[in-house]
Amino acid sequence: MDGASLSLAPTESTFSDSGADEGQIGPNSVIQLGETVTRRLGRDAAHALYTSVGVPQLLDSPPTAMIDEAVPAALFEALWELFPNRAAALAQEAGRRTADYIITWRIPRIAQLVLRLCPRALAARLLLRAIHKNAWTFAGSGHCDIQLGFTHLISIRDNPLTMPDCAWHCGVLAQLFIRLVAPGTRVRHLTDRRPDIQVSRFEIILPEG
């Protein structure tokens, strides 16, 4: 979502995409993690994290275009290895910061205004449609499906950024909905336990009222 502007248009209730063949993902998966770790744990900790996966240069020269999904995947894995007690909170904050970037730089102000003025149910559908259209920027080579209905679900099959409770994706999605649709929105990660397939599923829980 940080690689292209979001557009808003009504569409059907179920959507699917084929993923990004190149296996690339938006640069904010790397940029915002580095800024979060630097802010919370200090520059030395961030440098140690990025050095541990062989990309220390990305702290001083952050990527400005889509990047190989293997880079953030390795960084998040190392995050849990180096800072196991802080990793989930750091990943989620990095996700929230990514959403803030998207809102500031990638969603036109008129589209933001439309979402905030729309009835909540319609705003949620419009935002989900826009998220799906740009899924390749946060799902990489994964395959994204969206189900709209009484319960809104986002599924990423073969998610390249798997981590405990998918904290980064939960942070991104929750912040988008909190700021653009309804404060108090929660995103719950649901585990798909089928042995023959790996799917990250996210339930969008809008506040009542």
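Attention here is on the structure that accompanies the text. (Residues numbered from 1 in each chain as written. Predicted model: local features only at pLDDT ≥ 70, side-chain atom pairs only at ≥ 80, totals over all residues. Heavy atoms only, no water.)

Another aspect to go through is the side chain of Glu203. With respect to the element layout, Glu203 can be found in strand S7 (residues 199-205). By relative accessible area, which is 13% here, Glu203 ends up buried. Separated by 2.5 Å, the side chains of Glu203 and Arg188 make a polar contact. If we skip the residues at most four places from it in the chain, Glu203 touches Thr151, His152, Leu153, Arg186, Val187, Arg188 and Leu190. (Helix = DSSP H or I, 4+ residues; strand = E, 2+ residues; numbered from the N terminus. Buried < 20%, exposed > 50% of the residue type's maximum accessible area, 1.4 Å probe, protein only. Polar contact = N/O pair within 3.5 Å; in protein donor to acceptor, adjacent residues only side chain to side chain. Contact = heavy atoms within 4.5 Å.)

Where helix H1 (residues 28-41) contacts helix H4 (residues 70-82), the two axes come as close as 9 Å, and the packing angle between them is 30 degrees. Classed by the angle they form, the pair H1 and H4 counts as roughly parallel. For H1 against H4, the interelement crossing comes out left-handed. Residues Ser29, Val30, Leu33 and Val37 of H1 form the contact with H4, whose own contacting residues are Val71, Pro72, Leu75, Phe76 and Leu79. (Axes fitted to C-alpha atoms, helices over the stretch in contact; angles between N-to-C directions. Parallel < 35°, antiparallel > 145°, perpendicular 65-115°, else oblique. Left-handed = near helix turned anticlockwise from the far one by under 90°.)

This paragraph deals with helix H5 (residues 87-105). The end-to-end C-alpha separation of H5 is 27 Å, in line with the 27 Å expected for 19 residues at 1.5 Å each. If you check which residues of H5 are buried, you get Ala87, Leu90, Ala91, Glu93, Ala94, Gly95, Thr98, Ala99, Ile102 and Ile103. Residues of H5 that are buried make contact with H1, H4, helix H6 (109-117) and helix H9 (167-180). (Expected span 1.5 Å × (residues − 1).)

This model, assessed by the stated rule, comprises zero disulfides. No disulfide involves Cys166; its sulfur sits 6.4 Å from the nearest other cysteine sulfur, which is in Cys170. Residue classification places Cys166 among the buried positions, given a relative accessible area of 2%. (Disulfide = S-S within 2.5 Å.)

Residues Leu33, Leu49, Tyr50, Leu79, Ile154 and Leu176 are the most contacted members of the largest nonpolar core, which totals 59 residues. Of all the elements, H9 adds the most residues to this core, at nine residues. Not counting the four nearest positions on each side in its chain, Tyr50 is found in contact with Val30, Leu33, Gly34, Val55, Pro56, Leu58, Leu59 and Leu75. (Core = buried A, V, L, I, M, F, W, Y, C linked by side-chain atoms within 4.5 Å.)

Another aspect to go through is H9. Helical periodicity: at 3.6 residues per turn, an α-helix aligns residues three or four positions apart in one direction. With 14 residues, H9 should cover 20 Å at 1.5 Å per step; its first-to-last C-alpha distance of 20 Å lies within 8% of that length. When we look at burial in H9, the residues that qualify are Ala167, Trp168, His169, Cys170, Gly171, Val172, Leu173, Ala174, Gln175, Leu176, Phe177 and Leu180.

The buried fraction of strand S5 (residues 152-157) is high, at five of six residues. In this structure, strand S4 (residues 143-147) lies alongside S5, joined through five bridges in antiparallel fashion. Bridge pairing in S5 places Asp145 opposite Ser155. Taking the residues that link successive antiparallel strands as the turn, the S4-S5 hairpin has four residues. As judged from the six bridges shared by S5 and S7, these two strands associate in the antiparallel manner. Note on S7: the bridge partner recorded for His152 is Ile204. (Pairing = 2+ DSSP bridges.)

Take it as geometry only, folks, not as evidence of what the structure does.
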